[in-house]
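The residues making up each chain are set out below.
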Amino acid sequence: MSFRRPRGTQDLLPAEAARWRRVTGSMRRCLESYGYGEIRTPVFEETELFVRGVGTGTDIVQKEMYTFPDRKGRNLTLRPEGTAPVARAYLENNLGHEGGVRRFYYLGPMFRYDRPQAGRFREFFQVGAEAIGSALPELDVEVIDAMMNMLRDLGLVGLAVEINSVGHPACRAVYEDALGAALARESASLCPTCIERTRTNPLRVLDCKNQSCQEVAARLPVLREFLCDDCRAHYGAVLAGLESLGVPYTENPRLVRGLDYYTRTAFEVHYPPLGAQSALGGGGRYDGLIEACGGPPTPAVGFSCGIERVLVALDERGAAAVAPAVPVLVLPLGEASRRRALALAGVLRHTAPAAVDLTGRSLKAQLRAADRSGARIAVILGDDELGRGEAILRDLEAGTQTAHPLDAVPEMVRAAMARAAVAGSPPTPPSASGGRP
Ligand code: HAM
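Below or above, wherever it landed, is the structure these notes cover. Just so it is clear, the structure is predicted and the values come from calculations on it, not from any experiment.

**As for helix 8 (residues 211-219)**
Side chains three or four residues apart in an α-helix point the same way, a direct result of the helix having 3.6 residues per turn. Taken together, the buried positions of helix 8 are Cys-213, Val-216 and Ala-217. Buried residues along helix 8 cover an arc of 105° about the axis, so they all sit on one side. Of the exposed residues in helix 8, the ones pointing more than 90 degrees away from its buried face are Gln-211 and Arg-219. Buried residues in helix 8 make contact with helix 6 (169-185) and helix 7 (192-200). Structurally, the start of helix 8 carries an N-cap: the backbone nitrogen of Ser-212 is 2.9 Å from a side-chain oxygen of Asn-210.

Here it is as structure tokens:
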């Protein structure tokens, strides 16, 4: 008799595990650079946490949970997602007592009895971040910006943010009445589950995967038109904040996401070349979840990202982008300059990860490789420049370059990295080393 791994699960062999560590290490560093601290919650929780948190009418609770009684008959579930467990841990450990915003990130396995296909598994890994304690729209902006930079730091380009507002419970109730009435007229075209949802949770019809339900959904009224003034203002401020950080987005008035806890902002980040499973991650605001878990009203916002999908996106980008980009590259030309380059890189590492190109190839070839690697800055150290006590700083994104005295280079690199961060992509701090939890 031979055993096989359960359907929808994967073995991670050493080469892939090493790549996994590099990718998750880069993700951790990015989130830690925003002030998010790691939280680890159990892999299983009381089933009721997800029923109440994620919502009875959702696909997750209705058909995707791995639920089992333990030997004493307690009803437990392998976590299908990480937000409700973080909300539970926040309350149970009284993490709100100091006030202010608490920022957490997590990385670990989630379990959903989904139909396995490319990019969809029954055991999959998520990295997620949750910021708890403020209703300000700037916190939504921070969370979306952090998610985008976490993905960009890996070398992914062409990411598309889709965003919508699903309002708060009062405006959503008005919408659900309108939706229920519109759906009742369309019942002949709905799947049996959605006919039932028309009565119990009409919003869920909008993310049904059935083709005919999707055609109906395209004709239904959109939630945005039912938003109250406060929700509208919040949404406008989130969009304005994203614009001021240079985070590109597309409004998708039909985006509601598959979990019931969202209020106001809902977003997803897609990598379009992945086709049907192009959502690398998503999230939103969940101002009612902590109260639903038995705590005081506490606003919060967060995201999660599927790590397997990120790895597939990196594969699609090609091997060059797989390793997290080293943001600063020192390009020496000639023996004396190589020795000087090693010393200079040592100083630059106080600011950002820095590597020296030690291939001995031509400057043109070094620059071409630096461009492909996703680095931000190249410090060019030719023997001529060295003779003049200078180096050339090249901004690889803008394609501009300037000469500076050697002892001014660390400060110039620091300033250039800070500018890059303001433009929407922070430097990666050199310290932490990540790993699969
Ligand atoms: P979600 O959209 O259900 O949100 O999942 C987030 C991401 O996890 C998806 O975009 C996808 O990349 C990945 N994912 C989901 N299911 C699978 C699967 N079966 N196989 C592979 N990858 C999958 C949440 O889980 C929320 N907790 C996000 C959040 C955090 N909202 C607020 N804070």
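Okay, back to it.
**Some remarks on the site of the ligand**
Surrounding the ligand, one finds 26 residues, the nearest of these being Glu-81, Thr-83, Phe-121, Arg-257 and Tyr-262. Side-chain polar atom of Asp-114 to a nitrogen atom of the ligand: 3.1 Å apart, as the coordinates give it. Side-chain polar atom of Ser-304 to a nitrogen atom of the ligand: 3.4 Å apart, as the coordinates give it. A total of 670 Å² of accessible area belongs to the ligand in isolation, and the protein chains cover 95% of it. Of all the elements, strand 10 (residues 279-285) adds the most residues to the shell around the ligand, at six residues. Of the residues in the shell around the ligand, the class split is nine nonpolar, ten polar and seven charged.

**Observations regarding the pattern of salt bridges**
Within the structure shown, the criterion is met by 27 salt bridges. A salt bridge links Asp-59 to Arg-197; the shortest N-O distance between them is 2.5 Å. Of this pair, Asp-59 sits in helix 3 (residues 59-64) while Arg-197 sits in helix 7, and the two are 138 residues apart along the sequence. Across the pair Arg-285 and Asp-140 runs a salt bridge whose closest N-O atoms are separated by 2.8 Å. Here Asp-140 lies in helix 5 (residues 137-152) and Arg-285 lies in strand 10, a separation of 145 residues in the sequence. In the salt-bridge network here, residues are joined through shared partners; they are Asp-59, Lys-63, Arg-197 and Lys-209.

**Here's the deal with the side chain of Arg-172**
Structurally, the position occupied by Arg-172 is in helix 6. Here Arg-172 is buried and forms no salt bridge, its nearest opposite-charge partner Glu-176 lying at an N-O distance of 4.4 Å. Within polar-contact distance, the side chain of Arg-172 engages the backbone oxygen of Val-166 at 3.3 Å. Each residue touching Arg-172, except ones within four places of it in the same chain, is listed here: Val-166, Gly-167, Leu-203, Leu-223, Asp-260, Tyr-262 and Thr-263.

**Digging into the side chain of Arg-285**
The class for Arg-285 is buried, based on a relative accessible area of 0%. Here the side chain of Arg-285 touches Asp-287 through a polar contact of 2.7 Å, side chain to side chain.

**So, the sheet that holds strand 2 (residues 44-46)**
Backbone-to-backbone hydrogen bonds join strands into a sheet, with any given pair of strands oriented parallel or antiparallel. Here we have three strands laid out as an open sheet, ordered 2-4-3, and antiparallel in their pairing. Edge positions in the open sheet fall to strand 2 and strand 3 (67-69), since each of these has one partner strand only. Direction aside, neighbouring strands of the sheet carry axes that sit 35° apart on average. Pairing of strand 3 with strand 4 (residues 75-78), which is carried by three bridges, proceeds in the antiparallel orientation.

**Digging into the nonpolar core**
If you look at the biggest cluster of nonpolar residues, it comprises 49 residues, and the most contacted ones within it are Ile-132 and Leu-220. Broken down by secondary-structure element, the contributors of at least two residues to this core are helix 2 (47-54), helix 3, helix 4 (83-92), strand 5 (102-111), strand 6 (123-132), helix 6, helix 8 and helix 10 (289-292). In contact with Ile-132, not counting residues within four places along its chain, are Val-86, Tyr-90, Gly-100, Val-101, Arg-102, Phe-104, Tyr-286, Ile-290, Thr-298, Pro-299 and Ala-300. Counting 45 residues, the second-largest nonpolar core is a separate cluster that includes Trp-20, Cys-30, Leu-107 and Leu-159.

**Details of the packing of aromatic side chains**
This structure, assessed with the given rule, holds seven aromatic pairs. When the ring of Tyr-66 is compared with that of Tyr-113, the centres are 5.8 Å apart and the planes differ by 70°; the resulting orientation is edge-to-face. In this pair, Tyr-66 sits in the loop between helix 3 and strand 3 while Tyr-113 sits in the loop between strand 5 and strand 6, placing the two residues 47 residues apart along the sequence. For Tyr-113, a relative accessible area of 43% gives the class partly exposed.

**What to know about the pairing of strand 16 (residues 400-405)**
Two strands pair when backbone bridges link them, and strand 15 (residues 390-395) and strand 16 are joined in this way by six bridges, in the antiparallel orientation. Within the sheet, the bridge partner assigned to Leu-393 lies in strand 16 and is Thr-402. Linking strand 15 back to strand 16 in an antiparallel pair, the connection comprises four residues, with Gly-399 at a positive phi of about 75°.

The rules behind each value
Residues numbered from 1 in each chain as written. Predicted model: local features only at pLDDT ≥ 70, side-chain atom pairs only at ≥ 80, totals over all residues. Heavy atoms only, no water. Buried < 20%, exposed > 50% of the residue type's maximum accessible area, 1.4 Å probe, protein only. Helix = DSSP H or I, 4+ residues; strand = E, 2+ residues; numbered from the N terminus. Arc of directions from axis to C-beta. Contact = heavy atoms within 4.5 Å. Polar contact = N/O pair within 3.5 Å; in protein donor to acceptor, adjacent residues only side chain to side chain. Near = heavy atom within 4 Å. Areas by Shrake-Rupley, 256 points an atom, 1.4 Å probe, with all protein chains shown as cover. Nonpolar A, V, L, I, M, F, W, Y, C, P; charged D, E, K, R; others polar. Salt bridge = Lys/Arg side-chain N within 4 Å of Asp/Glu carboxyl O. Lys, Arg positive; Asp, Glu negative; His and termini not counted. Pairing = 2+ DSSP bridges. Axes fitted to C-alpha atoms, helices over the stretch in contact; angles between N-to-C directions. Core = buried A, V, L, I, M, F, W, Y, C linked by side-chain atoms within 4.5 Å. Phe/Tyr/Trp six-rings, centres within 6.5 Å; stacked < 30°, edge-to-face > 60°.

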